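Observations on the three-dimensional arrangement
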Amino acid sequence: MNVKPHSENSDFFRIGNHSVASLVNTNDLIAHLRVLSAFHGLKAQVQQDAAHRGLDPNRSWVQYIEHAVERFHNWACRLSDREMSALQSEPLNIDLGILMVWHTYLLNPHTYLRDSLTIYPALTKLGAFPLTRVTADPIVVLESFANATNFQSPSSINMVEAVIRQESFIEKMVQLGWASKPSETLLTRCVTRYHSFLDLIASGTVKAVVPTLDIDLAWHTHQLQGNSYRVSTKKLLGFFLNHDDSIPKDTLDVDYTSTSEAWQERYKEAYKPGSTVTGCGSGGCNGECGSCGNMAGCGGGCNGECGSCGTRFPVASCSGACSGKCGTVLGNASLAGCGS
């Protein structure tokens with residue numbers, strides 16, 4: 001079935017038989033990217049502190065996460081109705097490590113719901129993750145993490161491993177510049193394509209879907225709405241859409257190909273955004289040169305984001321304001337060269 005892709009100027013989006021207002025917006029994405037930047041800074045702060053103490057930075061970061069999981073457990077177990085109300089109205093007074101664990105938990109929506117019902121009943125009363133209220137100077141607990149904790153989390157997934165798995169996504173957001181200077185064009189595209197992604201799922205033409213990086217950002221942001229995410233996906237898709245970042249790469253590759261083919265068949269356009277663009281002239285790239293992932297060249301105002309898709313295809317060259325990021329490897333994408 002040939003279906004027109006959503007317009008980036010749409011106020012409403014078609015998902016299956018439903019017409020809905022935007023489930024996430026560009027301001028939500030901006031707030032989420034700022035939170036991801038804060039998590040990235042937290043890791044750097046912990047590792048720097050560990051190095052100053054003569055400790056192994058990587059091991060110290062893992063031990064910090066272990067302590068953060070324990071602090072989250074204690075916090076979630078003692079949450080009162082007043083504290084839950086304060087999360088939505090008063091200055092946010094929660095350690096960034098606890099927020100990082102909560103954020104990761106929400107990105108495993110089936111597990112989060114199940115554990116909320118059986119282990120942490122207070123979580124069922126919480127609203128969305130307070131994206132807009134994580135400040136530029138959040139509370140950070142740099143306790144003595146040199147010693148491992150003996151705490152065993154009752155969560156039905158390994159929360160330490162789950163937090164660590166999220167690091168690759170956060171690193172991509174930072175390296176591509178999205179966490180600090182996303183363009184309005186990029187953010188609008190994320191929102192629009194995410195709704196098309198949900199419409200593809202609703203069509204039932206593909207068994208397992210794998211998002212591109214821009215869609216994944218919007219999808220993560222939607223999941224942080226907690227119960228609202230569960231209700232909306234169940235209404236629009238007929239089931240509560242899960243998100244599982246522990247699927248093996250070989251399986252993801254096969255499912256990505258199936259998703260790409262189904263997208264092409266349904267919308268008559270390439271799944272990877274901008275993949276038909278072959279070049280980028282000087283200036284005017286709006287910080288997104290290379291976002292298609294197979295740009296032949298990038299000159300002038302690339303704003304440090306050549307190869308910003310960060311997923312599959314190599315960028316042949318990059319000249320101009322690459323901000324030292326050429327040559328980095330993001331997923332399977334390699335920036336082959338960087339000019340002046």
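Residues numbered from 1 in each chain as written. Predicted model: local features only at pLDDT ≥ 70, side-chain atom pairs only at ≥ 80, totals over all residues. Heavy atoms only, no water.

Bringing the packing of helix α2 (residues 57-78) against helix α6 (residues 159-175) into the picture now. Where α2 contacts α6, the axes come no closer than 9 Å and their chain directions differ by 125 degrees. Of the possible angle classes, the one that applies to α2 and α6 is oblique. For the pair α2 and α6, the crossing hand works out as right-handed. Between α2, through Trp 61, Val 62, Ile 65, Glu 66 and Val 69, and α6, the contact on the second element is made entirely by Met 159, Val 160, Val 163, Ile 164 and Glu 167. Residues belonging to the contact of α2 with α6 are distributed by class as follows: eight nonpolar, no polar and two charged. (Axes fitted to C-alpha atoms, helices over the stretch in contact; angles between N-to-C directions. Helix = DSSP H or I, 4+ residues; strand = E, 2+ residues; numbered from the N terminus. Parallel < 35°, antiparallel > 145°, perpendicular 65-115°, else oblique. Left-handed = near helix turned anticlockwise from the far one by under 90°. Contact = heavy atoms within 4.5 Å. Nonpolar A, V, L, I, M, F, W, Y, C, P; charged D, E, K, R; others polar.)

Tracing the sequence through the fold places Asp 214 in helix α8 (residues 213-223). Not counting residues within four places of it along the chain, the set of residues in contact with Asp 214 comprises Trp 178, Arg 189, Cys 190, Arg 193 and Pro 273.

Counting 82 residues, the largest nonpolar core has Phe 72, Trp 75, Trp 102 and Phe 129 as the members making the most contacts within it. Beyond its immediate chain neighbours, meaning those up to four positions away, Trp 75 contacts Leu 87, Ile 94, Ile 98, Trp 102 and Leu 126. (Core = buried A, V, L, I, M, F, W, Y, C linked by side-chain atoms within 4.5 Å. Buried < 20%, exposed > 50% of the residue type's maximum accessible area, 1.4 Å probe, protein only.)

Right, let's get into the packing of aromatic side chains. The tally for this structure, following the rule as stated, stands at 14 aromatic pairs. Seen from their ring centres, Phe 72 and Tyr 120 are 5.8 Å apart, and the 80 degrees between their planes marks the pair as edge-to-face. Placement of Phe 72 in helix α2 and of Tyr 120 in the loop between α5 (109-118) and α6 is noted, with a sequence separation of 48 residues between them. Pair check on accessibility: Phe 72 and Tyr 120 agree, each one buried. (Phe/Tyr/Trp six-rings, centres within 6.5 Å; stacked < 30°, edge-to-face > 60°.)

To continue, consider the pairing of strand β2 (residues 18-21). Look at any regular strand and the pattern is simple: side chains alternate between the two faces of the sheet. Here strand β1 (residues 12-15) pairs with β2 via four bridges, running antiparallel. By the bridge assignment for β2, Arg 14 is matched with Ser 19. Here β1 folds back onto β2 in antiparallel fashion, the turn holding two residues, of which Gly 16 has a positive phi close to 65 degrees. (Pairing = 2+ DSSP bridges.)

Taken as a whole, this structure holds 13 salt bridges when the rule is applied. Here Asp 199 and Arg 14 are joined by a salt bridge, their closest N and O atoms 3.5 Å apart. Linking Asp 199 in helix α7 (residues 184-203) with Arg 14 in strand β1, this pair joins segments that are 185 residues apart in sequence. By relative accessible area, which is 30% here, Arg 14 ends up partly exposed. Salt-bridge contacts for Asp 49 lead to Arg 53; the nearest nitrogen and oxygen are separated by 2.8 Å. By relative accessible area, which is 40% here, Arg 53 ends up partly exposed. A single network of salt bridges, built from pairs that share partners, joins Arg 14, Asp 199 and Arg 266. (Salt bridge = Lys/Arg side-chain N within 4 Å of Asp/Glu carboxyl O.)

Since the α-helix turns once every 3.6 residues, residues separated by three or four places project in the same direction. Among all positions in helix α3 (residues 81-89), only Met 84, Ala 86 and Leu 87 are buried. When α3 is viewed along its axis, its buried side chains cluster within an angular range of 160 degrees and face the same direction. Projecting away from the buried face of α3 at angles above 90 degrees are the exposed residues Asp 81, Arg 82 and Ser 89. Looking at the buried positions of α3, the neighbouring elements they touch are α2 and α4 (96-106). (Arc of directions from axis to C-beta.)

Right, let's get into α7. In this model, α7 (20 residues) spans 29 Å end to end at C-alpha, consistent with the 28 Å of a helix rising 1.5 Å per residue. Most of α7 is tucked away: 16 of the 20 residues are buried. Phi turns positive, to about 70 degrees, at Gly 204, one or two residues after α7. (Expected span 1.5 Å × (residues − 1).)

The next subject is the environment of Asn 93. Structurally, Asn 93 is set in the loop between α3 and α4. Given the relative accessible area of 64%, Asn 93 is considered exposed. In this structure the C-alpha to C-alpha distance between Asn 93 and Glu 83, which are ten residues apart in sequence, comes to 9.8 Å.

Moving on, we get to the confidence of the model for the protein chain. In the predicted model, the protein chain carries a mean pLDDT of 80, and the fraction of residues at 70 or more is 76%. Here residues 275-340 is modelled with pLDDT under 50, and outside its nearest four sequence neighbours on either side it reaches 154 contacts, counting other chains as well. (pLDDT = per-residue confidence, 0-100.)

Glancing now at unusual backbone geometry. Despite not being glycine, Lys 268 has its phi angle at roughly 55 degrees, a positive value. Relative to the helices and strands, Lys 268 resides in the loop between α10 (249-267) and β3 (329-330). Exposure remark for Lys 268: the relative accessible area of 45% places this residue in the partly exposed category.

What follows concerns the side chain of Asp 115. Note on placement: Asp 115 falls in helix α5. No salt bridge forms around the buried Asp 115; measuring N to O, its nearest opposite-charge neighbour Arg 114 is 4.3 Å away. At 2.8 Å, the side chain of Asp 115 forms a polar contact with the side chain of Ser 156. The contact partners of Asp 115, leaving out residues within four places of it in the chain, are Tyr 105, Tyr 120, Ser 155 and Ser 156. (Lys, Arg positive; Asp, Glu negative; His and termini not counted. Polar contact = N/O pair within 3.5 Å; in protein donor to acceptor, adjacent residues only side chain to side chain.)

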